[in-house]
Amino acid sequence: MSLIDNISNKEISLFILSIGILISPYNLSAAEADSAEIKIITSETPVELNIETERAIVENPDEPETIEDLIQENQNTSSAIDTTEQLPLSILKEVVNPGELRELSWSAGQSFSGKTVKPPVIVVRGRTPGPVLCLVAATHGDELNGIEIVRRVIRNLDPMKINGTVIAVPIVNIYGFTANSRYLPDRRDLNRYFPGNATGSAASRIAHRFFTQIIKHCNYVVDFHTGSFKRNNLPQLRADMNNTQVQEFVGHFGSTAVLHKSGHGKTLRSAATQAGIPTVAFELGQPGSLQEEYVESGIESINALISNLGIIKKRYFWNEPQPIYYSSRWIRVNSGGILISKVEIGSDIKTNQLLGYIINPLTTEEIRIQSPIKGRVLGMALNQFMLPGYAAFHIGVSSNTSSIVDDEQLNNEDNDESDENSNEYDVQTSDDDELH
Ligand SMILES: [Zn+2]
């Protein structure tokens, strides 16, 4: 069964392979209600920046109901060719013609039974030239929000109407996804092995295949993530703001918050950026659940992106400026107990402000957690058991570009993509390829 077969706009549940992600009817109605409030303009309408709604969108009046409809519609109309048509794209041993939407697959390796594992890849090749944007999700198999963002974005793209190409890989780590796990079956974190090695560890080989089969075709990459292990992240881009190409790229995401993270290490973001492909990690929400508000927020950001890259003709305008945080700090607790937060994700924080309490479940003791710095809550642990040293609040610090600090100096062990700054024991995160 393919990933996106038989999915209707009106359906309230989505099943991927034999495992499904439930989207509650309540949330879907809320989403539909939200979308009904969006101001609709036509491409001929003069646009003013100070519009009443935050974003102005030109809706596609004849949006196909399903991917199958889209493919069918595409097959019916793709014979129309004009002189400005771009070249066919050779990818995954297939040729995708301009004006085509194709569902392909990449070869991730083999299962324990020896069967080849082939996660789906959807290629939307516009008729006319433009950038190749890659949207990839679930490098960590239990991070669901990105999967749904990619599905909905792709569903609304018409290859006959877009410029350039969008390549979507909704589930990179299909092994982890089917096991409801962040990791690969050998407990390695795939996002520590890019760009990979054809003769290395299992993780390194998978990373290598993904990098050489998919990523090398991209001009830009958005890699979707969530917080890890009972932690929630405000929607934010992790980006190396020392890289001018990346800086320019993040400017296309509307008012989506940005947290500067240096481009070292073996994450997909770092490896692709080092290979000259501007890449961001897009963090939204928490793992293990599908959060409608974050999905909607992510789709708005990606719509702004594909508009600003010229892939679609619709224009999106944002009234709010894009907040950029050039450094951040995790606030760790110094006592064991149960965390009770007193701030919301996204809150602005003053120095010494109360963030929450650690309560001792056996006494009346309550220990205050205060912020030593001024900033904004970009991520936070859910209320849970904590040991001394657990990371509870991730505070982004506003500053200007002249004070970009190398986050390795600032955050020490908290550097990494901080969705990987786990409170739990994280096994085999170092690459042992050099040992063999
Ligand atoms: Zn992740």
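In this report, the structure presented in the accompanying data block is examined. (Residues numbered from 1 in each chain as written. Predicted model: local features only at pLDDT ≥ 70, side-chain atom pairs only at ≥ 80, totals over all residues.)

Some remarks on the overall build of the protein chain
Of regular secondary structure, the protein chain possesses nine helices and 24 strands. The buried share of the protein chain, taken over its 436 residues, is 43%. Pairs at least 24 residues apart make up 67% of the contacts formed inside the protein chain by residues separated by at least 6 positions. (Helix = DSSP H or I, 4+ residues; strand = E, 2+ residues; numbered from the N terminus. Buried ≥ 20, exposed ≤ 12 C-beta atoms within 10 Å, placed from the backbone. Contact = placed C-beta atoms within 7 Å.)

Structural notes on the nonpolar core
Core analysis: the biggest nonpolar cluster contains 98 residues, and C134 and A392 have the highest contact counts within it. With six residues, helix α8 (residues 292-308) is the single largest residue contributor to this core. Here this core gathers at least three residues from each of two domains, domain 1 (13-308) and domain 2 (327-420). Sequence-distant contacts of A392, defined by excluding residues within four places in its chain, comprise I331, R332, V333, L339, G356, I369, M380, A381 and M386. (Core = buried A, V, L, I, M, F, W, Y, C linked by C-beta atoms within 7 Å. Domains from an automatic or database assignment.)

Notes on the pairing of strand β11 (residues 128-136)
Here β11 pairs with strand β12 (residues 163-169) via six bridges, running parallel. Bridge pairing links C134 to I167 in β12. The parallel pair β11 and β12 is bridged by helix α3 (residues 145-155), and the resulting crossover is right-handed. Bridging between β11 and strand β13 (residues 220-225) involves four bridges; their strand directions are parallel. By the bridge assignment for β13, L133 is matched with Y220. (Pairing = 2+ DSSP bridges. Right-handed = clockwise from strand over helix to strand, strands pointing away.)

A look at the packing of α3 against α8
Where α3 contacts α8, the two axes come as close as 9 Å, and the packing angle between them is 50°. On the basis of their axis angle, the class for α3 and α8 is oblique. The two elements α3 and α8 meet at a crossing, and its hand is right-handed. Where α3 approaches α8, its residues N145, E148, I149, R152 and V153 are matched on the opposing element by Y294, V295, G298, I299 and I302. Of the residues contributing to the contact of α3 with α8, the split by class is six nonpolar, two polar and two charged. (Axes fitted to C-alpha atoms, helices over the stretch in contact; angles between N-to-C directions. Parallel < 35°, antiparallel > 145°, perpendicular 65-115°, else oblique. Left-handed = near helix turned anticlockwise from the far one by under 90°. Nonpolar A, V, L, I, M, F, W, Y, C, P; charged D, E, K, R; others polar.)

Some thoughts on the pairing of strand β24 (residues 391-398)
Taken across its eight residues, β24 has six buried, putting it largely inside the fold. Bridge analysis of strand β17 (residues 324-332) against β24 gives seven bridges, and the strand direction is antiparallel. Paired with S328 across the strands is G396, a residue of β24. Bridging between strand β22 (residues 375-381) and β24 involves four bridges; their strand directions are antiparallel. Each residue of the ladder has a partner; that of M380, found in β24, is F393.

Re the sheet that holds strand β18 (residues 337-341)
Spatially, four strands are ordered β21-β20-β18-β23 in an open sheet, and the strand pairing comes out antiparallel. Whereas interior strands pair on both sides, the edge strands pair on one side only; in this sheet they are β21 (366-370) and β23 (385-386). Here strand β20 (residues 354-359) runs beside β21; their pairing, made up of five bridges, is antiparallel. Each bridged residue has a counterpart across the sheet, and for L354 the counterpart in β21 is Q370.

Quick word on unusual backbone geometry
Note the cis peptide between F194 and P195, where omega equals 5°. Within the secondary structure, P195 is located in the loop between α4 (174-178) and α5 (202-213). For A138, which is not glycine, the phi dihedral falls at a positive 60°. One can find A138 in the loop between β11 and α3. When the 29 C-beta atoms within 10 Å are taken as the criterion, A138 is described as buried.

Some points on α3
Buried residues dominate α3, accounting for nine of its eleven residues. The complete set of buried residues in α3 reads N145, G146, I147, E148, I149, V150, R151, V153 and I154.

Section: the environment of N173
Within the secondary structure layout, N173 lies in the loop between β12 and α4. A tally of 27 C-beta atoms within 10 Å means that N173 is categorised as buried. Along the sequence, N173 and Y183 sit ten residues apart, while their C-alpha atoms lie 7.9 Å from each other. Leave out the neighbours within four places in its chain, and N173 touches A138, T139, H140, G141, L184 and L190.

Geometric values such as these leave the question of function open.
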